[in-house]
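Take a look at the letters that make up each chain.
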Amino acid sequence: MGRVLPVLLAVALAACGDRAPAPEAEPTSPVDTASVEAPPTPFDDALEVEPAEPPEQVVEITPRPEPTPPPPEPIPEPAPELEASGSCDVRETEGFCFAYTGDGWTPDAAETHCAEAPDSAYLGAACPLLGRIATCTFVRPDDATLEVVYTYYEPYDPALAELACPGDFERL
């Protein structure tokens, strides 16, 4: 191996010595890029053509008619007030009121009968309509002219009102 290295070194030096020096480059002058034209490209012709504008398209849109609003909810007619000789209001303690509707009741008889009920208030007209949930029409078996209409009010349970009704029950 001691001989190989000097041989390789000699070969390399010999190769370098046989070469001719590189020619010296000539000084160049700046290029005038304004006078040099680029070769034409396929896109050059496309730039010279004016684009054709498509014909103006007019699309007429027919406006939709305004939707017809739904009809307003009908306002329920108030329940006709019962013809009564008066009524007995026990809503504070019992949750109902009863009206004396039969022909056999007079205002005096109705007021006297109402006074017998605890915590009652006699009203000179039928029971109030606001907050009603059910009615019960009761005709006394001993005198059909002494009809009474019970009116039940919120929060009275309608199922309990139906159970308590001794006559014809109607949920409102």
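For the structure, check the block above.
Because the structure is a prediction, the values reported are computed rather than measured.

Caption draft 1: Summary view of the nonpolar core. Grouped together as the largest cluster of nonpolar side chains are 17 residues, with contacts concentrated most on Cys 88, Phe 96, Phe 98, Tyr 100, Val 148, Tyr 150 and Tyr 152. Elements with a minimum of two residues in this core: β2 (96-100), α3 (107-115), β4 (132-138) and β5 (148-153). In this view, Phe 98 contacts Ser 87, Cys 88, Val 90, His 113, Cys 127, Val 148, Val 149 and Tyr 150; residues no more than four positions away in its chain are not counted.

Caption draft 2: Representation of the state of the cysteines. Here the structure, examined in full by the defined rule, presents three disulfides. Here Cys 97 pairs with Cys 127 through a disulfide, and the sulfurs are 2.2 Å apart. Residues Cys 97 and Cys 127 are joined through a disulfide that is left-handed, its torsion about the S-S bond being -85°. Taken as a pair, Cys 97 in strand β2 and Cys 127 in the loop between β3 (121-123) and β4 lie far apart in primary sequence, 30 residues in all. For the pair Cys 97 and Cys 127, a shared accessibility class is recorded, and that class is buried. Two residues share a disulfide in this structure: Cys 136 and Cys 165, whose sulfurs sit 1.9 Å from each other. Taking the sign of the torsion about the S-S bond as the criterion, the disulfide between Cys 136 and Cys 165, at about 80°, is right-handed. With Cys 136 in strand β4 and Cys 165 in the loop between α4 (158-164) and β6 (168-171), the pair connects residues that are 29 residues apart, well separated along the chain. The class for Cys 136 is buried, based on a relative accessible area of 0%. With relative accessibility at 12%, the residue Cys 165 sits in the buried group.

Caption draft 3: Region of the structure containing the pattern of salt bridges. Inspection of every chain in the model, using the stated rule, returns three salt bridges. With its nearest N and O atoms 2.8 Å apart, the salt bridge here joins Asp 89 to Arg 91. Accessibility expressed as a relative area gives 14% for Asp 89, which makes it buried. Arg 171 is the partner of Glu 162 in a salt bridge, and the nearest nitrogen-oxygen pair spans 3.9 Å.

Caption draft 4: Spotlight on the environment of Glu 92. Looking at the secondary structure, you find Glu 92 in the loop between β1 (87-89) and β2. The class for Glu 92 is exposed, based on a relative accessible area of 77%. Counting along the chain gives 29 residues from Glu 92 to Ala 121, while the straight-line C-alpha distance between them is 9.8 Å.

Caption draft 5: Region of interest: the sheet that holds β5. Taken together, the six strands give an open sheet; going across it, the order is β3-β1-β2-β5-β4-β6, and neighbouring strands pair in antiparallel fashion. The sheet terminates laterally at β3 and β6, the two strands that pair on one side only. Looking at each pair of strands side by side, their axes are set apart by 20° on average, direction ignored. Here five bridges tie β2 to β5, and the two strands are oriented antiparallel to one another. Bridge assignment links Phe 96 to a residue of β5, and that residue is Tyr 152. Its contacts with the sheet place α3 against β1, β2 and β3, and it is angled at close to 160° to β3.

Caption draft 6: A look at unusual backbone geometry. Here the amide bond leading from Glu 154 into Pro 155 is cis, since omega sits at 5°, within 30 degrees of zero. The phi dihedral of Asp 119 falls on the positive side, at around 55°, and the residue is not glycine. By the element assignment, Asp 119 lies in the loop between α3 and β3. The exposure class of Asp 119 is exposed, given its relative accessible area of 60%.

Caption draft 7: Quick peek at the environment of Ala 84. If you trace the backbone, Ala 84 turns up in the loop between α2 (44-48) and β1. Distance from Ala 84 to Trp 105, taken between C-alpha atoms, is 8.3 Å for residues 21 residues apart in sequence. Apart from the residues within four sequence positions on either side, Ala 84 is in contact with Ala 99, Tyr 100, Thr 101 and Ala 126.

Rules used in this analysis
Residues numbered from 1 in each chain as written. Predicted model: local features only at pLDDT ≥ 70, side-chain atom pairs only at ≥ 80, totals over all residues. Heavy atoms only, no water. Core = buried A, V, L, I, M, F, W, Y, C linked by side-chain atoms within 4.5 Å. Buried < 20%, exposed > 50% of the residue type's maximum accessible area, 1.4 Å probe, protein only. Helix = DSSP H or I, 4+ residues; strand = E, 2+ residues; numbered from the N terminus. Contact = heavy atoms within 4.5 Å. Disulfide = S-S within 2.5 Å. Salt bridge = Lys/Arg side-chain N within 4 Å of Asp/Glu carboxyl O. Pairing = 2+ DSSP bridges. Axes fitted to C-alpha atoms, helices over the stretch in contact; angles between N-to-C directions.

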